[in-house]
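Here is what each chain is made of, one letter per residue.
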Amino acid sequence: MSTILITGATSGLGRYVAFELVRAGHVVLAHGRDPGRTERLVGELRTEGEAEAFVADLASLAQVRELGARVADAHPDLDVLINNAGVGAGTPGSGRELSADGHELRLAVNYLAPVALTHALLPVLRTHTPARIVNVGSAGQEPLDFDDPEFTRGYQGFAAYRRAKFALAAHTFALAEELADTGVSVNVLHPATFMDTAMVREGGVAPWSTVADGAPGVLALATQDLGTGGYFDGTSPARAHEATYSREVQKRLSAVTDQLLAL
């Protein structure tokens with residue numbers, strides 16, 4: 001059985017997946033932003049199995065890194081990281097928002113946070129192989145503007161969301177190559193389209209699917225050996241945006257990411 005950290009576990013897909021994992025006998029480290037909600041969730045999870053709460057605001061890179069350090073310290077046996085937490089497009093017509101560090105919020109939470117958390121936990125994952133990193137992406141992907149990664153011009157919520165998910169996919173493929181032969185696999189998936197979550201409803205979209213529809217893909221990547229450097233649509237291997245596979249795009253993204261994380 002695995003020790004699995006799942007971010008954004010207090011609602012939606014993350015919550016559903018956390019219960020499925022704990023029922024299957026895995027140790028679930030449930031991350032949430034709100035202390036009360038996270039503790040309540042873990043109280044419920046513990047009626048089914050072993051779980052522990054970890055609280056952090058992923059819109060703060062300092063808190064992301066601190067979360068990584070706390071998890072690594074408490075669970076050197078960690079072997080799966082599910083980067084599930086995300087922020088949607090926002091309410092229709094809402095403007096550009098900033099993270100605690102002054103980054104565009106969608107880029108910060110949907111991309112910079114999982115990159116920073118993965119980086120913080122890689123030393124632990126590498127010593128406890130086979131280990132898996134599952135990045136919850138989206139079929140909605142739009143190339144990042146490297147001249148304006150923070151989307152200061154012509155901002156639009158859905159576009160910001162898609163750009164962050166594009167970056168996450170491209171990062172996944174580059175990282176998979178970097179970690180080849182280390183025993184750490186990293187994959188990205190589109191769980192299901194417009195699941196019935198607060199994030200989707202906030203965006204003014206009528207849900208098309210349920211979190212139960214989105215869970216099998218996440219569970220499969222977290223618990224089975226499905227290779228590395230893949231993009232999945234649910235449980236099926238698929239293709240991400242073609243530009244995410246470009247070496248040149250990956251190199252530029254890496255340089256921009258290093259800059260943004262260093263700010």
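Attention here is on the structure that accompanies the text. Values in this document were obtained by computation on a predicted structure and should not be read as measured data.

Helices and strands together make up the secondary structure of the protein, namely eight helices and eight strands. Against the globule reference of 18 Å for 263 residues, the protein gives a C-alpha radius of gyration of 17 Å, in line with a compact fold. Here the protein holds 263 residues, and the buried ones make up 54% of them. Side chains of the protein give 21 positive and 31 negative charges; the mean places of these two sets differ by 3 Å.

We now examine the packing of aromatic side chains. By the definition in use, this model includes two aromatic pairs. Its end group placed over the ring of phenylalanine 151, arginine 163 keeps NZ or CZ at 3.7 Å from the ring centre. Lying over the aromatic face of tyrosine 245, arginine 239 brings its terminal NZ or CZ to 3.9 Å of the ring centre.

The next subject is the environment of leucine 121. Within the secondary structure, leucine 121 sits in helix α4 (residues 105-127). Its relative accessible area of 0% is what places leucine 121 among the buried residues. Remark: the alpha-carbon pair of leucine 121 and aspartate 73, spanning 48 residues in sequence, is separated by 10.0 Å. Here leucine 121 is in contact with Leu5, Gly68, Val71, Ala72, Leu78 and Leu81, once residues within four sequence places are set aside.

Taking 1.5 Å of rise per residue, 22 residues should cover 32 Å, and helix α5 (residues 157-178) covers 32 Å from first to last C-alpha, within 8% of that figure. Counting buried residues along α5, 17 of its 22 residues qualify, which places the element largely inside the surrounding structure.

It is worth spelling out empty space enclosed by the protein at this point. Evaluated as defined, the whole model comprises one cavity of 30 Å³ or more. Estimated volume of the largest cavity: approximately 60 Å³. Asn83, Asn84, Ala85, Val109 and Pro114 are the residues nearest the centre of the largest cavity, which is lined by 13 residues in total. If one sorts the elements of the lining of the largest cavity by residue count, α4 sits on top with five residues.

What follows is about the layout of surface pockets. Estimates place the volume of the second largest pocket at around 430 Å³. Within the residue set of the lining of the second largest pocket, elements represented by two or more residues are α4, α5 and α8 (247-262). The element that contributes the greatest number of residues to the lining of the second largest pocket is α8, accounting for eight residues.

Rules and cut-offs
- Here the residue numbering is sequential within each chain, running from 1 through the sequence in written order.
- Under the rules for a predicted model, residues below a pLDDT of 70 receive no local features and side-chain atom pairs below 80 are neither given nor counted, while totals for whole chains, interfaces and linings still include all residues.
- Remark: hydrogens and water are excluded; side-chain values derive from all non-hydrogen atoms of the structure.
- Strands are runs of DSSP state E lasting at least two residues, helices are runs of H or I lasting at least four, and both sets are numbered from the N terminus onward.
- Radius of gyration: C-alpha atoms only; globule rule: 2.2 Å multiplied by the number of residues to the exponent 0.38.
- Accessibility here uses a 1.4 Å probe with only protein chains present; expressed as a share of the type maximum, an area under 20% marks a residue as buried, one over 50% as exposed, and anything in between as partly exposed.
- For the purpose of counting charges, residues Lys and Arg are taken to be positive, whereas Asp and Glu are taken to be negative. His and the chain ends are not included.
- To locate a charge, the coordinates of NZ of Lys, CZ of Arg, CG of Asp or CD of Glu are taken.
- Aromatic contacts are taken between Phe, Tyr and Trp rings whose centres are within 6.5 Å, Trp giving its six-membered ring; a plane angle under 30 degrees counts as stacked, one over 60 as edge-to-face, and the others as tilted.
- Criterion for a charge above a ring: Lys NZ or Arg CZ within 6 Å of the ring centre, and within 35 degrees of the ring normal.
- In what follows, residue pairs with any heavy atoms lying within 4.5 Å of each other are defined as contacts.
- To estimate how far a helix should reach, multiply one less than its number of residues by 1.5 Å.
- Any residue with an atom within 4 Å of a point lines the site, the site being either a cavity, points on a 1 Å grid over the protein atoms alone where a 1.4 Å probe fits but cannot get out, or a pocket, an open set with protein on both sides within 12 Å along at least 5 of 7 lines.
- Grid points are joined across faces, edges and corners, and a volume is the space filled by probe spheres set on the points.

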